[in-house]
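Residue-level listing of the chains:
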Amino acid sequence: MASGALRTLAALACGAVFGLGLAVSGMMNPAKVIGFLDVAGDWDPTLIFVMGGALLVTIPSYRAILVRRGPILDEGFSLPQKKAIDAPLIGGAALFGIGWGLVGFCPGPAVAALVTGLAPVFGFVAAMVAGMALHGWLRSS
Amino acid sequence: MEDFTPVSGLIGGLLIGLAVTLMLLLNGRIAGISGIVGGLLNTKGGDSGWRVAFVAGLLLGALAYVVAAGARAPVEVLASPPAILVGGLLVGFGTSLGSGCTSGHGLCGLARFSRRSIAATAVFFGVAMLTVFLTRHVF
């Protein structure tokens, strides 16, 4: 189906703009992210400008897009349906926070930083994928 | 605050916001990286093409900048090897259990004022700051 190919192409383009944005913002560098998280040290507030810049675009754009009947290249929107603030959400966010604080990498920047070819980045991403697989296995067993 | 780079941070953020916007407008999807990558592990039937394409794009976009900027695009991983592995496991397990990361909850979720995402974002930012405080200033 032609729209399937267009969706793949759109995802490639969106990924490229996202990756470029991450790199330009400096957030691909875990040392810089730690500089933000370290509020008691030599604090670097750059991350606020990154998230602020992104939300400056997405808050109005999401509002405008979500009144449409659907997206341009697909039948309908695929949005998360869960509403409850439950233990998996909070526990998962807390575990993620510990890992993020230990290394300074969250999933997007870690995957993007693979292009540097640095061994620690590959180690982190391998462990991250193993952690996702472990949770998927526990959930299904 | 010698490393403070608000201008490139803002430009990068605007680009990320554009990518997140286009993903919803064109494909109707949340641009959450942990969800996109995690979906590759247990995808059932024909759902992996766009995910692979997005990750390939992410790498191409980052590569373009690294090639153009050279040494001005540093990636410094300061954590020890054991901390890197434990941290990676926690980030993978936690984002899977908690249904999202900095992009899915922090950008897409906040943009649509999801109460779940606001709660998750407050928790992972708070816990990450506490973790950095403990590892840098206490132990």
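Residues numbered from 1 in each chain as written. Chains lettered and ligands numbered in written order. Predicted model: local features only at pLDDT ≥ 70, side-chain atom pairs only at ≥ 80, totals over all residues. Heavy atoms only, no water.

Turning to the pattern of salt bridges, a few remarks are in order. Where charged atoms from two side chains of opposite charge come close, those side chains can pair. A full pass over the atoms with the stated rule returns 6 salt bridges over all chains. Of the charged contacts, one joins A:Arg7 and A:Asp74 as a salt bridge, the two residues approaching to 3.6 Å between their closest N and O atoms. With A:Arg7 in helix H1 (residues 2-25) and A:Asp74 in the loop between helix H3 (46-65) and helix H4 (87-103), this pair connects stretches of sequence that are 67 residues apart. For B:Arg51, the salt bridge goes to B:Asp47, with nearest N and O atoms at 2.8 Å. Judged by its relative accessible area of 10%, B:Arg51 falls in the buried class. Among the charged side chains, a network of salt bridges with common partners joins B:Arg29, B:Asp47 and B:Arg51. (Salt bridge = Lys/Arg side-chain N within 4 Å of Asp/Glu carboxyl O. Helix = DSSP H or I, 4+ residues; strand = E, 2+ residues; numbered from the N terminus. Buried < 20%, exposed > 50% of the residue type's maximum accessible area, 1.4 Å probe, protein only.)

We now examine the state of the cysteines. What the rule picks out here adds up to 0 disulfides over all chains. Free cysteine: A:Cys14, not disulfide-bonded; nearest cysteine sulfur from B:Cys108 at 11 Å. With relative accessibility at 2%, the residue A:Cys14 sits in the buried group. You can see B:Cys101 has no disulfide; the closest cysteine sulfur is in A:Cys106, sitting 6.2 Å from it. (Disulfide = S-S within 2.5 Å.)

Before going further, it helps to examine the environment of B:Gly87. Position of B:Gly87 among the secondary structure elements: in helix H4 (residues 81-97). Those residues in contact with B:Gly87, other than ones at most four positions away along the chain, are A:Gly99, A:Leu102, A:Val103 and A:Phe124. (Contact = heavy atoms within 4.5 Å.)

Further remarks concern the packing of aromatic side chains. Applying the stated criterion across every chain, the model contains 10 aromatic pairs over all chains. Ring geometry for A:Phe18 versus B:Phe54: centroids 6.1 Å apart, planes at 65°, classification edge-to-face. Residue A:Phe18 is found in helix H1, and its partner B:Phe54 is found in helix H3 (residues 49-69); the two belong to separate chains. Pair check on accessibility: A:Phe18 and B:Phe54 agree, each one buried. Where A:Phe36 meets B:Phe125, the ring centres are 6.1 Å apart and the plane angle is 85°; that geometry is what we call edge-to-face. Note that A:Phe36 is positioned in helix H2 (residues 30-37) and B:Phe125 in helix H6 (residues 115-138), a pairing that runs across two chains. The same class applies to A:Phe36 as to B:Phe125, namely buried. Aromatic rings pair up to connect A:Phe36, A:Trp43, A:Phe96, A:Trp100, B:Phe124 and B:Phe125 into one cluster. (Phe/Tyr/Trp six-rings, centres within 6.5 Å; stacked < 30°, edge-to-face > 60°.)

All names here are of chain B. Over its 21 residues, H3 extends 30 Å from the first C-alpha to the last, a length consistent with the 30 Å expected when each residue adds 1.5 Å. Along H3, the residues classified as buried are Trp50, Arg51, Ala53, Phe54, Val55, Gly57, Leu58, Gly61, Ala62, Tyr65, Val66 and Ala69. Two residues or fewer past H3, Gly70 is found with a positive phi of approximately 60°. (Expected span 1.5 Å × (residues − 1).)

What follows is about the interface of chain B and chain A. Counting residues at the interface gives 102 residues for chain B and 107 residues for chain A. For the pair chain B and chain A, the two sides together bury roughly 9,300 Å², of which 78% comes from carbon and sulfur. Linking chain B with chain A are 2 salt bridges. Seen at the junction of chain B and chain A, the total is 20 residue pairs in polar contact (both at pLDDT 80 or more). Elements that contribute at least two residues to the side of chain B that touches chain A include exactly helix H1 (6-27), helix H2 (33-41), H3, H4, helix H5 (104-111) and H6 of chain B. Of the residues belonging to the side of chain B that touches chain A, the class tally is 63 nonpolar, 31 polar and 8 charged. (Buried area = accessible area lost by both parts, 1.4 Å probe. Polar contact = N/O pair within 3.5 Å; in protein donor to acceptor, adjacent residues only side chain to side chain. Nonpolar A, V, L, I, M, F, W, Y, C, P; charged D, E, K, R; others polar.)

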